[in-house]
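Survey of secondary and tertiary structure
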Amino acid sequence: MESNRKKPGQEKVFELSCPYCGAHLWVDSELQEIIQSEKGAKKKASFDELLFKEKKKTEELGQKFESTLELRKKKLEKAKAEFEKALSQLDEFEEGGEETSDSDKGQE
């Protein structure tokens, strides 16, 4: 931060300016506190920069959409495979249950 103090020791309040963001701070030297602060002016982007940012956002959204769609397809395929597995296990269980019930009938 750079100091804009005119005469050291005489000024009670002095202004500091941040070279990075352009913010201004007014500091009371006796109280050692910030009395006032002001945000720096934002740099205005050119039309080309804004256009480039929007184009980049659009491309990123397209990529996110495609990856979400692919993930959804994979989940659906996995769910179908799990369903088929459970269905085949149920068929095997029912077949095993019928054999047991037939042999139980013969013993009676």
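Model, not experiment: these values are computed from the prediction. (Residues numbered from 1 in each chain as written. Predicted model: local features only at pLDDT ≥ 70, side-chain atom pairs only at ≥ 80, totals over all residues. Heavy atoms only, no water.)

Considerations on the overall build of the chain
Scanning the chain from N- to C-terminus turns up one helix and four strands. Along its sequence from the N terminus, the chain presents helices and strands in the succession β-β-β-β-α. Counting every atom, the chain has about 10,400 Å² of accessible surface; 54% of that belongs to carbon and sulfur. (Helix = DSSP H or I, 4+ residues; strand = E, 2+ residues; numbered from the N terminus. Areas by Shrake-Rupley, 256 points an atom, 1.4 Å probe, with all protein chains shown as cover.)

Looking at a negative patch on the surface
A contiguous patch of negative charge, built from Asp91, Glu92, Glu94 and Glu95, is present on the exposed surface. Within the secondary structure layout, Asp91 lies in helix α1 (residues 47-107). Using a relative accessible area of 38% as the deciding quantity, one classes Asp91 as partly exposed. (Patch = residues over 30% accessible without salt bridge, like charges linked within 9 Å, V, L, I, M, F, W, Y side chains within 5 Å. Salt bridge = Lys/Arg side-chain N within 4 Å of Asp/Glu carboxyl O. Lys, Arg positive; Asp, Glu negative; His and termini not counted. Charge placed at Lys NZ, Arg CZ, Asp CG, Glu CD. Buried < 20%, exposed > 50% of the residue type's maximum accessible area, 1.4 Å probe, protein only.)

Observations regarding the confidence of the model for the chain
Mean pLDDT over the chain: 81, with 79% of residues reaching 70 or higher. When the elements of the chain are averaged for pLDDT, strand β1 (residues 2-3) gives the smallest value, 48, and strand β3 (residues 24-28) the largest, 89. (pLDDT = per-residue confidence, 0-100.)

Some thoughts on the environment of Leu16
Assignment of secondary structure puts Leu16 in strand β2 (residues 13-17). The exposure class assigned to Leu16 is buried, which follows from its relative accessible area of 16%. Along the chain, Leu16 and Ser37 lie 21 residues apart, while their C-alpha atoms are 9.5 Å from each other.

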